[in-house]
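Remarks on the overall topology
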Amino acid sequence: MGIFSRRQTAVIDPPPAVDSDRPLGRTAATDATLDPALRALTGHWTIDRPHSRIGFSVRHAMVTTVRGAFTDYDSTLYFDGARPSESRAELVIRVASVDTGVEQRDGHLVGRDFFDARRYPEMTFRSTSTFHEAGESFRMTGDLTIRDRTRSVEIQLDYLGSVMDPFGYERAGFDGTTTIDRREWGLVYNQRLEAGGSMVSEKVRLQFDISAIRATG
């Protein structure tokens, strides 16, 4: 994400499916403290997949970390540069696209022990509020659905900046992270180690490295 010029705060977010009349976070007085340049970023955006990563990391066998990502997903993002609390985001991820770099492990993840992709082919995130914390930092709350179970999660979201790339696309960059307990979504498979502890940690860190392109038309 180093191609972005560092600038003040912004957020990404989804479609008119969310009632825009509902208050979504900070007050107008708080939003007014943002850099006026952010007003120019107001509008609809979409995630540029080749330059973004929707990933995760999880401790394996207590001593190492396995990292993976989902490569097939749809995004609907709306950012309001004047009132970030009105920003919205939605992601629909095809779980069969999981890629950890090991084919056998990926096959296990999409099977019944974990995602059960045949019965539950998609996982979704739909924001419910966006909160400007300070400077370039925001907190986005939303509903994460996996295996037809929905739980609320909070994503720490940092705005990295915006730029017009050499191909004429206006881009904005964001980094987002949150940690979840996979058992809350029915992902309970595990094996115990002889020395104690679990083969796969229950805690999973979700990572959103986003290069968003302004939608046209």
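Residues numbered from 1 in each chain as written. Predicted model: local features only at pLDDT ≥ 70, side-chain atom pairs only at ≥ 80, totals over all residues. Heavy atoms only, no water.

This next bit is on the overall build of the protein chain. For the protein chain, the count of helices and strands is 2 helices and 11 strands. Shown N-terminal to C-terminal, the secondary structure of the protein chain runs as helices and strands in the order α-β-β-β-β-β-β-α-β-β-β-β-β. Evaluated residue by residue, the protein chain yields a buried proportion of 47% over its 217 residues. A sequence separation of at least 24 residues applies to 65% of the contacts in the protein chain between residues at least 6 apart. Counting only carbon and sulfur atoms, one obtains 50% of the accessible surface of the protein chain, whose full area is about 11,100 Å². (Helix = DSSP H or I, 4+ residues; strand = E, 2+ residues; numbered from the N terminus. Buried < 20%, exposed > 50% of the residue type's maximum accessible area, 1.4 Å probe, protein only. Contact = heavy atoms within 4.5 Å. Areas by Shrake-Rupley, 256 points an atom, 1.4 Å probe, with all protein chains shown as cover.)

Membership of the largest hydrophobic core comes to 42 residues, with the highest contact counts inside it found for Phe70, Phe115, Met123 and Leu144. Broken down by element, the residue count for this core peaks at 6 residues, all from strand β11 (residues 200-214). Every residue in contact with phenylalanine 70, bar those within four places of it in the chain, is listed here: Ile54, Phe56, Ile93, Arg94, Val95, Ser97, Val98, Phe115 and Met123. (Core = buried A, V, L, I, M, F, W, Y, C linked by side-chain atoms within 4.5 Å.)

Judged from the 8 bridges that link them, strand β9 (residues 149-164) and strand β10 (residues 170-181) form a sheet pairing that is antiparallel. Residue pairing across strands places leucine 157 opposite glycine 176, the latter belonging to β10. Two successive antiparallel strands, β9 and β10, enclose a turn made up of 5 residues, where glycine 168 displays a positive phi of approximately 90°. (Pairing = 2+ DSSP bridges.)

Residues at a pLDDT of 70 or more form 79% of the protein chain, whose mean pLDDT is 83. For the stretch residues 1-29, pLDDT sits under 50, and the model shows 109 contacts to residues farther than four places along the chain or on other chains. (pLDDT = per-residue confidence, 0-100.)

Another aspect to go through is the layout of surface pockets. One number sums up the size of the largest pocket: a volume of about 480 Å³. Every element with two or more residues in the lining of the largest pocket is listed here: β2 (53-60), β3 (64-70), α2 (103-110) and β11. If you tally residues by element for the lining of the largest pocket, the top one is β2, at 4 residues. For the lining of the largest pocket, a count of residues per class yields 16 nonpolar, 4 polar and 3 charged. (1 Å grid on protein atoms, 1.4 Å probe; cavity = no way out; pocket = protein on both sides within 12 Å on 5 of 7 lines; lining within 4 Å. Points joined across faces, edges and corners; volume = space filled by probe spheres on them. Nonpolar A, V, L, I, M, F, W, Y, C, P; charged D, E, K, R; others polar.)

So, on to the packing of aromatic side chains. Applying the stated rule across the entire model yields 4 aromatic pairs. On the basis of an interplanar angle of 45° and a centroid distance of 5.6 Å, the ring pair of phenylalanine 56 and phenylalanine 70 is categorised as tilted. You can see phenylalanine 56 sitting in strand β2 and its partner phenylalanine 70 sitting in strand β3, a full 14 residues away along the chain. Aromatic pair phenylalanine 70 and phenylalanine 115: ring centres 5.7 Å apart, planes at 75°, arrangement edge-to-face. On the criterion of sequence distance, the pair formed by phenylalanine 70 in strand β3 and phenylalanine 115 in the loop between α2 and β7 (122-134) is long-range, its members being 45 residues apart. By relative accessible area, phenylalanine 115 is classed as buried at 10%. Aromatic ring contacts, followed pair by pair, group Phe56, Phe70 and Phe115 into a single cluster. (Phe/Tyr/Trp six-rings, centres within 6.5 Å; stacked < 30°, edge-to-face > 60°.)

Let's shift gears to the pattern of salt bridges. Considering all chains together, one arrives at 15 salt bridges under this definition. The salt bridge involving glutamate 170 is made with arginine 214; its shortest N-O contact spans 2.7 Å. Of this pair, glutamate 170 sits in strand β10 while arginine 214 sits in strand β11, and the two are 44 residues apart along the sequence. Ionic contacts of the salt-bridge type, sharing partners, join the residues Arg49, Asp72, Asp74, Arg94 and Glu122 into one network. (Salt bridge = Lys/Arg side-chain N within 4 Å of Asp/Glu carboxyl O.)

Further remarks concern the pairing of β9. Relative to β9, strand β8 (residues 137-146) is paired through 10 bridges, and the arrangement is antiparallel. Within β9, the residue paired with phenylalanine 138 across the bridge is leucine 157. If you look at the hairpin formed by β8 and β9, you'll find 2 residues sitting between the two strands, and arginine 147 has a positive phi there, around 50°.

Look at aspartate 116: it is not a glycine, yet its phi comes out positive at around 50°. Take aspartate 116: it is sitting in the loop between α2 and β7. Positive phi outside glycine occurs at aspartate 148, with the angle close to 65°.

This brings us to the environment of glutamate 184. As for its position among the elements, glutamate 184 is in the loop between β10 and β11. Sequence spacing of glutamate 184 and arginine 151 is 33 residues, and the spatial spacing of their C-alpha atoms is 7.6 Å. Dropping the residues within four chain positions of it, glutamate 184 is found in contact with Arg149 and Arg151.

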